[in-house]
Amino acid sequence: QVTLLESGGGLVQAGGSLRLSCAASGSIGNLIAMRWYRQAPGKQRELVASIIGGESTNYADSVKGRFTISRDNAKNTVYLQMNSLKDEDTAVYYCSTDQIRTPGGGLFRSWGQGTQVTVSS
């Protein structure tokens, strides 16, 4: 199994920046995608950013131009650089990975424990 450990959350003023890290350990073979989700109080969990195959990235419209997802394959770590933070970015941020299940195929999704990001105005 893959174990995901998020770090880097905290309290930041609006307009500030944070960098979240997610370190993967354990059985990390056949990684297809790494993603960042977030869930604000009373809201549904939403997909924030994805990196697919270590090459292509996707972002929610609400964070385009402000957030950057990247992956360091040597360290088995994915990052989310968050700039120009807004009050609306306050949420628990979760790291997630998708792997190909072997030998039968299909996808297996793992989740981290979450890290709190609070933006104060």
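Everything below is about the structure printed above this text.
In this text, all values refer to a predicted model and were calculated from it rather than measured experimentally.

K.L.:
Looking at this model, I keep getting lost on the side chain of Thr-90. Mind explaining?
P.N.:
Tracing the backbone shows Thr-90 in the loop between β8 (77-82) and β9 (91-100). Of the polar contacts made by the side chain of Thr-90, one reaches the backbone nitrogen of Val-119; its length is 2.9 Å. Setting aside its immediate chain neighbours within four residues, Thr-90 contacts Ala-40, Gln-116, Val-117, Thr-118 and Val-119.

K.L.:
What's the story with the sheet that holds strand β3 (residues 18-26) in this structure? I'm lost.
P.N.:
The 4 strands lie next to each other as β1-β3-β8-β7, forming an open sheet whose pairing is antiparallel. Here the strands that pair on one side only, and so sit at the sheet edges, are β1 (2-7) and β7 (67-72). Taking each pair of neighbouring strands and ignoring which way they run, the sheet shows an average axis angle of 15°.

K.L.:
For this particular structure, what's the right way to read unusual backbone geometry?
P.N.:
Residues other than glycine predominantly adopt negative phi, and peptide bonds predominantly adopt the trans conformation. The omega torsion of the bond from Thr-102 to Pro-103 falls at 0°, within 30 degrees of zero and hence cis. Its place among the elements puts Pro-103 in the loop between β9 and β10 (107-111). Unlike most non-glycine residues, Asn-76 shows phi in positive territory, near 50°. Along the chain, the position of Asn-76 falls in the loop between β7 and β8. Since its relative accessible area comes to 26%, Asn-76 is described here as partly exposed. The backbone of Ser-84 shows a phi angle near 50°, a positive value even though the residue is not glycine. Among the secondary structure elements, Ser-84 is positioned in the loop between β8 and β9. Ser-84 gets classed as partly exposed once you look at its relative accessible area, which sits at 40%.

K.L.:
Would you mind showing me how to read the pattern of salt bridges here?
P.N.:
Side chains that carry opposite charge are capable of pairing whenever their charged atoms lie near each other. Under the counting rule described, the total for this entry stands at 6 salt bridges. A salt bridge links Glu-46 to Arg-38; its shortest N-O distance comes to 2.7 Å. Asp-61 is the partner of Lys-64 in a salt bridge, and the nearest nitrogen-oxygen pair spans 3.0 Å. A single burial state applies to Lys-64 and to Asp-61, both of which are exposed. Each of Arg-38, Glu-46, Arg-66 and Asp-89 takes part in salt bridges that share partners, so that together they form one network.

K.L.:
What should I look at first to understand the packing of aromatic side chains in this one?
P.N.:
The geometry of an aromatic ring pair is captured by two quantities: the separation of the ring centres and the angle between the planes. Taken as a whole and assessed by the stated rule, the structure comprises 1 aromatic pair. Sitting over the face of the ring of Tyr-94, Arg-45 holds its NZ or CZ atom 4.0 Å from the ring centroid. Sitting above the plane of the Trp-111 ring, Arg-45 keeps its charged end 4.7 Å from the centroid.

About the cut-offs
Residues numbered from 1 in each chain as written. Predicted model: local features only at pLDDT ≥ 70, side-chain atom pairs only at ≥ 80, totals over all residues. Heavy atoms only, no water. Helix = DSSP H or I, 4+ residues; strand = E, 2+ residues; numbered from the N terminus. Polar contact = N/O pair within 3.5 Å; in protein donor to acceptor, adjacent residues only side chain to side chain. Contact = heavy atoms within 4.5 Å. Pairing = 2+ DSSP bridges. Axes fitted to C-alpha atoms, helices over the stretch in contact; angles between N-to-C directions. Buried < 20%, exposed > 50% of the residue type's maximum accessible area, 1.4 Å probe, protein only. Salt bridge = Lys/Arg side-chain N within 4 Å of Asp/Glu carboxyl O. Phe/Tyr/Trp six-rings, centres within 6.5 Å; stacked < 30°, edge-to-face > 60°. Lys NZ or Arg CZ within 6 Å of the ring centre and 35° of its normal.

Any link to function would need more than the numbers given here.
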